[in-house]
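Tertiary structure, described
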Amino acid sequence: MRKQEVRVGGEAGPGHGGSSPAEQVKAFMDLLAGKGTQGTQVPQAPDRTPEPPPEPPGNDYRIQRHREVLLSRLGGDLVLGEPPPRLASLLLVEGLTDLQLREHDFTQVEATRGAGRTARTIALDGLFLPLSRVSIPPRVSITVGVAGMGKTTLVRHFVHLWAQGQLAKDFSQVLPLTFRELNTYEKVSADRLIRSAFPHIGEPSLAAAAPARALLILDGLDECKTPLDFSNTAACTDPKKEVQVENLITNIIRGNLFPEVSVWVTSRPSTAGQIPGGLVDRMTEIRGFNEEEVKTCLEQMFPEDQSLAGWALAQVQADRALYLMCTVPAFCRLSGSALGHLYRHRRGPLNAELSPPRTLSEIYSWYFRMALGREGQDKGKVSPRIEQVAHGGRRMAGTLGRLAFQGLVRKKYVFYEQDLRAFGVDLALLQSALSGCFLQREETLGSAAAYCFSHLSLQEFVAAAYYYGASKRAIFDLFTESGVSWPRLGFLTHFRSAVQRAMQAEDGRLDVFLRFLSGLLSPRVNTLLMGSLLAPGEHQGYREQAARLLQGCLAPEAAVSARAVNVLRCLHELQHTELASSVQEAMEREGLARLTSPPHPAALAYLLQVSDAYAQEANLSLCLSQAVLQSLLPQLLYCQSLRLDTNQFQDPVMELLGSVLSGKDCRIQKISLAENQISNKGAKALARSLLVNRSLTTLDLRGNSIGPQGAKALADALKINRTLASLSLQNNMIKDDGAGSIAEALASSRTLCMLHLQKNSIGPVGAQRMADALKQNRSLKELMFSSNSIGDGGAKALAEALKVNQGLESLDLQSNSISNAGVAALMGALYTNQTLLSLNLRENSINPEGAQALARALCTNSTLKNLDLTANLLRDQGAQAIAEAIRENRALTSLHLQWNFLQAEAAKALGQALQLNSSLASLDLQENAIGDDGASAVARALKANTALTALYLQVTSIGASGAQALGEALAVNRTLEILDLRGNAIGVAGAKALGNALKSSGELSGDGRGNLRGYCTGRKPQAPAHQSPGKSHWGIWRQDDLRGYQDERSRLHCRNVSRSSSWWTGQEDGQGLSGTLSNRKTVF
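Residues numbered from 1 in each chain as written. Predicted model: local features only at pLDDT ≥ 70, side-chain atom pairs only at ≥ 80, totals over all residues. Heavy atoms only, no water.

Some details on the packing of helix H19 (residues 456-470) against helix H21 (residues 511-519)
Relative orientation and spacing of two packed helices are given, respectively, by the angle between their axes and the distance between those axes. What counts here: To obtain each axis, a line is fitted to C-alpha atoms, and for helices this fit is confined to the stretch in contact; angles are then taken between N-to-C directions over 0 to 180 degrees. Numbering of helices and strands runs from the N terminus, with a helix taken as a DSSP run of H or I at least four residues long and a strand as a DSSP run of E at least two residues long. Any angle that is under 35 degrees is reported as roughly parallel, and any over 145 degrees as roughly antiparallel; angles of 65 to 115 degrees are reported as roughly perpendicular and all others as oblique. Should the near helix be turned anticlockwise from the far one by less than a right angle, the crossing is left-handed, and should it be turned clockwise, the crossing is right-handed. Contact definition: two residues touch when any of their heavy atoms are within 4.5 Å.
Relative to each other, H19 and H21 sit at 50°, their axes nearing to 8 Å. When the interaxial angle is binned, H19 and H21 end up oblique. For the pair H19 and H21, the crossing hand works out as right-handed. On H21, the residues touching Ser457, Glu460, Phe461, Ala463, Ala464, Tyr467 and Tyr468 of H19 are Val512, Phe513, Phe516 and Leu517.

See below:
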């Protein structure tokens, strides 16, 4: 698009002809003020507005008069009030995507899964204002939206609000025109067009000063009878010269005519591409319905019956493809009408078994039946005879159908009376209620009326119905209506012709037509339209052959095209889903790699669009070859989240993926390429795509071999990229050099939030570079640096960074050879740092001396919530120091002390601290030999503590007495939710004590809804030989956990576990050991 910030006034367009830009402006303003020439006179359309007063006071009156005329023309068509949110705020986009330029409107919605582009929004009242202080207002603006999205409604809202003085107050004149009106002219001058459209402006009594600024609205470019040709149109600068309408519009947009007048064009996306991007100053897009707006739309359609609205919503939500299309408001209302008709008529005894629609053809068949019902009521017959219904349906399909079909072939969507007569349409037929459900009539500037189908899809459905009927008797090509007979006639010959035409149409304009044509062969549609449009059972002779013909179009090709995906949609309409089902089953079994025939990639692309399983994330790990991926690339563009892990992809595949990520259509936000075979060359290919990509936020390259060079390429891209927020380079051998390159990019990054650099052989030098970057960076929230070798030197460098950095929230330094000196430095930073929430120091070399430094920091720090010290050398002395700190700390919520050589004294100190602490919610002491004495100390704390919700005591040498103490505590404690005692020999007595504690706890009612649903108390038997070996432990076990186990001594087996009331009981040597269903999880 044209860059307004650098545009100047004289840039609007070259002048070649009758007058200078200044003279054009004066002429146009004189015209609006009523001072123009009284030259060529044409018959004026009757002004349906009130007569003006005889003596206008001046310019203010003229403007007010114009506002009143516009309000009068809007009449009662528009419900007055504020526009809905999606029209009050438009998406500000940077031009059209390839998908919008080349594909059918339905394909655009389906391929993008109904999600609009990620873009900033602009309010309706700011639509024609500068975006910044250094820019100027746009001259040419375009608003795009697929058919039925509400473009005309938007224009009506805008004109209504302007006429009431509520927005765009800097415009003194707003002149709305539609292409339906412009089509009535063959040749016209700008002067005559304005006088014809707004005759009140030319009245002599309205002569006044020219307005400061005017807006010309051209609504519905896609309905222009002749495409705009900016390459071959001669320049015209004379507003009085009569030229072809398309030439006039071209010159106005170019700025050859009236360069200072703002122009606003609305259009479907594919047609908007006729206007060169260099002439467009601002492009906006109308977004579709979101989930809540779909619900609101249906509720507003059926205000008297909310149960009907809820049922209709449930039906569209049950089929993802239909639900995606309901993001288009017109389709949502059409579907609601059809479903409402179905709901009201399925209650009868004859229709009670009718199933809700699951295809487009079924939706539109129900809509057709609804229209037939209205036809009968319109004639005063509550239940018209079947013969009358059938005759009305066939007559409509025969007359309007040919009009619809030939219009579709010729890209004609607006018809006039001469068109109707040319196609033999009986004008009297248009007065019926049946035709009224499909065709709308609209008055134009002159005496002629314009006709169009209520929605493009209705034209396609009626066209398909006509083609279906005509193809059974026609002896010539219906697409050309030539008189050449074919050697072999019949429906299948014509069906093959339709398929070939649709596959060859690069713009996809016949895609939905072909779907409807295929759908008319399905059994359910035949049942719905039997007698009105279709003969009973006639589909049976064609259905299988049509399916084979469609599948034959899925020949091997380099890339799966939108036409190929549409073939799968046609098969779905035909209710021939075997191909898609086989691929779906292979995906579920992770056997997709074995499907190598040509139709399978197309079926996979289709499922990626319609399957609920892939709505949030397309997981294609462990199943793709390079050839299949290459064929899928055009369809992967629109996946929001893509997982391609463990596919053995090498660098050439990254070149392909890079081309996808570089495309302006790319919607991929997250991509995972973990555990492949990507080297620095592949990383460089991805890096090049990041230079231009504007959608990707997460890139996961775990487990590859990009090395320092690959890291440098990615880092260079990050300096330019402004969208990537998460980068994982774990286990890529980037070393210090690679870490330094990443750090250099991090220093200037304003978007990167998560950085994972685990297992990369990074030493103190790399850590120092990263620390220097953290001193400048303010965006990074999570840094994972585990399993490197930064040592105390690297820890000290990071500590200095933490004193300055106030953005990092999570730091993982697990397994980095950090000892007391490094910990002391890190703890020194915690005195001043106020943002770090999580610190992982697992598997380092921290001894009691380092624990002392930790304790001192915890006494003063008020932000750290999670501290992991697993697998260090704290011993009792270090744990006691930390326990003293916990007495005072009020921020820490999770503390991991697993495997730190702790014994009973440490547990006693921690128990005493827990009696005073009110913040710690999770404590992990597993694999420490605290014994019964330690367990008893913790149990005493549980009787007083009201904050702890999870306690992990696996393999802590607890016996029966320790379990009994814990059981007594559980009978009192009301906050602990998880107690894990696995790996402890608590014996029968300990198990009983815990079981009784759970049983006697007041809040442990066995309602069957808790975490322990199906657990039983008893000894878990030894695992069978074919399963993992393990000890027999007493515990509360889920019944499923016992499945497949058997112990000769205990004779406890899943067969012996039964439910009695709310209790589950396991038999151990004839003794009943009871547990309970509860909202707690206790495992031992």
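Re the sheet that holds strand E12 (residues 449-453)
Quick reminder of the rule: Here the rule is simple: two strands pair whenever DSSP picks up at least two bridges between them.
On the basis of which strands lie adjacent, the open sheet formed by three strands has the order E10-E12-E11 and antiparallel pairing. Lying at the two open borders of the sheet, with one neighbouring strand each, are strand E10 (415-416) and strand E11 (439-443). Note that E11 and E12 share five bridges and pair antiparallel. Across the sheet, the residue bridging to glutamine 440 is cysteine 452, located in E12.

Thoughts on the pattern of salt bridges
Worth spelling out the cut-off: When a carboxyl oxygen of Asp or Glu lies within 4 Å of a side-chain nitrogen of Lys or Arg, that pair is called a salt bridge. Throughout, exposure labels follow a simple rule: accessible area from a 1.4 Å probe, protein chains only, divided by the maximum for the residue type, with under 20% read as buried, over 50% as exposed, and the rest as partly exposed.
For the structure on display, the rule yields 34 salt bridges. Glutamate 223 is the partner of arginine 180 in a salt bridge, and the nearest nitrogen-oxygen pair spans 2.8 Å. Of this pair, arginine 180 sits in helix H7 (residues 179-182) while glutamate 223 sits in the loop between strand E6 (214-219) and strand E7 (243-244); the two residues are 43 residues apart in sequence, bridging distant segments of the chain. Across the pair, exposure class does not vary: arginine 180 and glutamate 223 are buried alike. A salt bridge links glutamate 443 to arginine 441; the shortest N-O distance between them is 2.4 Å. Judged by its relative accessible area of 42%, glutamate 443 is partly exposed. Residue classification places arginine 441 among the partly exposed positions, given a relative accessible area of 46%. By sharing partners, the salt bridges in this structure join Lys712, Asp716, Lys719 and Glu744 into a single network.

Quick look at the confidence of the model for the chain
Cut-off, in case you're wondering: Confidence of the predictor at the level of single residues is given by pLDDT, which spans 0 to 100.
On average, residues of the chain score 83 in pLDDT, and 81% of them are at 70 or above. Across residues 203-211 the pLDDT falls below 50, and counting only partners more than four positions away or on other chains, this stretch makes 26 contacts in the model.

Observations concerning the nonpolar core
Applied cut-off: By nonpolar core we mean a set of buried residues, namely Ala, Val, Leu, Ile, Met, Phe, Trp, Tyr and Cys, connected to one another through side-chain atoms within 4.5 Å.
Among the nonpolar cores identified, the biggest contains 323 residues, and Phe438, Phe513 and Leu624 are the most heavily contacted of them. The element best represented in this core is H19, accounting for eleven residues.

Quick word on a positive patch on the surface
Filter applied, for reference: Within this analysis, patches are made of residues with over 30% relative accessible area and no salt bridge. Like charges are joined at 9 Å or less; nonpolar side chains (Val, Leu, Ile, Met, Phe, Trp, Tyr) at 5 Å or less. Computed with a 1.4 Å probe, the accessible areas rest on the Shrake-Rupley method; for each residue, only the protein chains presented here act as cover. The charge count includes Lys and Arg as positive and Asp and Glu as negative, but it does not include His or the ends of the chains. Just so you know, the charge point we use is NZ for Lys, CZ for Arg, CG for Asp and CD for Glu.
On the surface, Arg694, Arg722, Arg750 and Arg778 cluster together into a positively charged patch. Mapped onto the elements of the fold, arginine 722 is located in the loop between helix H30 (707-718) and strand E17 (726-728).

Quick notes on the pairing of strand E9 (residues 282-285)
Side chains of E9 alternate between two faces, with Arg282 and Thr284 and Met283 and Glu285 buried alike. Bridge analysis of strand E1 (residues 89-93) against E9 gives three bridges, and the strand direction is antiparallel. Bridging from a neighbouring strand, valine 93 pairs with methionine 283 of E9. Pairing of strand E3 (residues 140-144) with E9, which is carried by four bridges, proceeds in the parallel orientation. Paired with serine 141 across the two strands is arginine 282, which belongs to E9.

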